[in-house]
Amino acid sequence: MLSYNLNHLRELEAESIFVIREVAAQFENPVLLFSGGKDSIVMLHLAVKAFMPAKIPFPLLHIDTGHNFPETLEYRDKLVKKTSARLLVGSVQDSINKGRVIEETGINASRNVLQTITLLDALEEHGFDAAIGGGRRDEEKARAKERFFSHRDEFGQWDPKNQRPELWNLFNGKKYPGEHFRVFPLSNWTEMDIWQYILIEKIEMPSLYFAHERECVDRKGVLLAKSEYIKLQDGEKWERMTIRFRTIGDMSCTGASASNASSIEDIIMEVAAARNTERGSRADDKRSETSMEDRKREGYF
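About the cut-offs
Residues numbered from 1 in each chain as written. Predicted model: local features only at pLDDT ≥ 70, side-chain atom pairs only at ≥ 80, totals over all residues. Heavy atoms only, no water. Helix = DSSP H or I, 4+ residues; strand = E, 2+ residues; numbered from the N terminus. Buried < 20%, exposed > 50% of the residue type's maximum accessible area, 1.4 Å probe, protein only. Contact = heavy atoms within 4.5 Å. Areas by Shrake-Rupley, 256 points an atom, 1.4 Å probe, with all protein chains shown as cover. Lys, Arg positive; Asp, Glu negative; His and termini not counted. Charge placed at Lys NZ, Arg CZ, Asp CG, Glu CD. Polar contact = N/O pair within 3.5 Å; in protein donor to acceptor, adjacent residues only side chain to side chain. Pairing = 2+ DSSP bridges. Axes fitted to C-alpha atoms, helices over the stretch in contact; angles between N-to-C directions. pLDDT = per-residue confidence, 0-100.

**Concerning the overall build of the protein chain**
Here is step 1 of the chain: Helix and strand counts for the protein chain stand at 8 helices and 10 strands.
Here is step 2 of the chain: Across its three principal directions, the C-alpha atoms of the protein chain cover 55 × 55 × 35 Å.
Here is step 3 of the chain: Counting over 301 residues, the protein chain shows a buried share of 54%.
Here is step 4 of the chain: Counted over contacts in the protein chain with a minimum sequence separation of 6, partners at least 24 positions apart contribute 73%.
Here is step 5 of the chain: By element, 50% of the accessible surface of the protein chain is carried by carbon and sulfur atoms, the whole surface being about 14,400 Å².
Here is step 6 of the chain: Computed over 43 positive and 48 negative side-chain charges, the separation of the two mean positions in the protein chain equals 1 Å.

**Quick look at the side chain of E191**
Here is step 1 of the chain: With respect to the helices and strands, E191 occurs in helix α6 (residues 191-201).
Here is step 2 of the chain: A polar atom in the side chain of E191 sits 2.6 Å from the side chain of R246.
Here is step 3 of the chain: Once residues lying within four places of it in the same chain are set aside, the contact partners of E191 are K38, R136, D138, R246, V271 and E278.

**Observations concerning the sheet that holds strand β10 (residues 255-258)**
Here is step 1 of the chain: Judged by pairing direction, the barrel is antiparallel, and its 4 strands sit side by side in the order β7-β8-β10-β9 before closing back on the first. The average undirected angle you get between the axes of adjacent strands in this sheet is 70°.
Here is step 2 of the chain: Both strand β7 (residues 212-219) and strand β9 (residues 239-244) contribute to a ladder of 5 bridges, which runs antiparallel. Counterpart to H212 in the pairing with β9 is I243.

**Quick word on the environment of S95**
Here is step 1 of the chain: Note that S95 resides in helix α4 (residues 92-97).
Here is step 2 of the chain: A relative accessible area of 5% places S95 in the buried class.
Here is step 3 of the chain: Sequence spacing of S95 and D121 is 26 residues, and the spatial spacing of their C-alpha atoms is 8.9 Å.
Here is step 4 of the chain: Not counting the four nearest positions on each side in its chain, S95 is found in contact with R100, V101 and T118.

**Quick notes on the confidence of the model for the protein chain**
Here is step 1 of the chain: Confidence in the prediction for the protein chain averages 88 pLDDT; 92% of positions are at 70 or higher.
Here is step 2 of the chain: Between residues 282-287, whose pLDDT stays under 50, and residues either more than four places distant or in other chains, the model counts 25 contacts.

**A short note on unusual backbone geometry**
Here is step 1 of the chain: The linkage connecting M52 with the following residue, P53, adopts the cis geometry, with an omega of 5°.
Here is step 2 of the chain: Inspection of the secondary structure puts P53 in the loop between α2 (38-51) and β2 (60-64).
Here is step 3 of the chain: Positioned with a positive phi, W168 is a non-glycine residue whose angle comes to about 55°.
Here is step 4 of the chain: By secondary structure assignment, the location of W168 is in the loop between β5 (149-152) and β6 (180-183).
Here is step 5 of the chain: Its identity is not glycine, yet K220 carries a phi of approximately 55°, on the positive side.

Pasting the structure below:
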């Protein structure tokens, strides 16, 4: 039988709602970054709670690589309609067409890193001064360095050594023109907290998170799902497997996990027994020891 600490989850919920309301109070033009993954889904759920019965007072921004899972886009559009939110989409393909970024080539090419320029361009185009993200400190060592209110300079870059102290839940959102903040209301949540909260709140989730059959290739320990964006190397072959995704991103670099978890309860049991992080199956994080921090310094999510 599953057990969870309801008081703990409600404390996390209250903390996140407080942070989201602080964003609305301190910034003139915030936006909520929405990827269609579990963390951004929970974040949107919390934002709805924070301002109900009114609509959330800021739009959603999705950075579309053009290589998204179709299931993600279908879920995104359904949820936007359900919550009556305003959705903005930044297109990596548009950035490529404009010459803002150069598409990678080669067997391991991915558009994931290209999202940075598209995101920064979208923030500048719409004049957003705060971008609410779903990052959690337990995900990855670079994200563990983030504050709730994470300052970005006029170039959208992050300096982990130049962040403001956050004592007694006092957040300093002061900035110079052209600068902005990334805000992480889920900072103190863990992957287990996220799934337990999804369970008690009965939040509908994309089908990708549940076990299903799909053709995959095992590339250096990462299970990549079959798509037109994955080219087989010599000696590789597609194999039909029962898998699910612990994290959702660009199809070219998001790895799956072998799994039979077909319900939220099954996923919670699986997460409890896991010995690697959810981003352990992300090929883009394996490019170097500091790949995430390098991307974040340049303006990544």
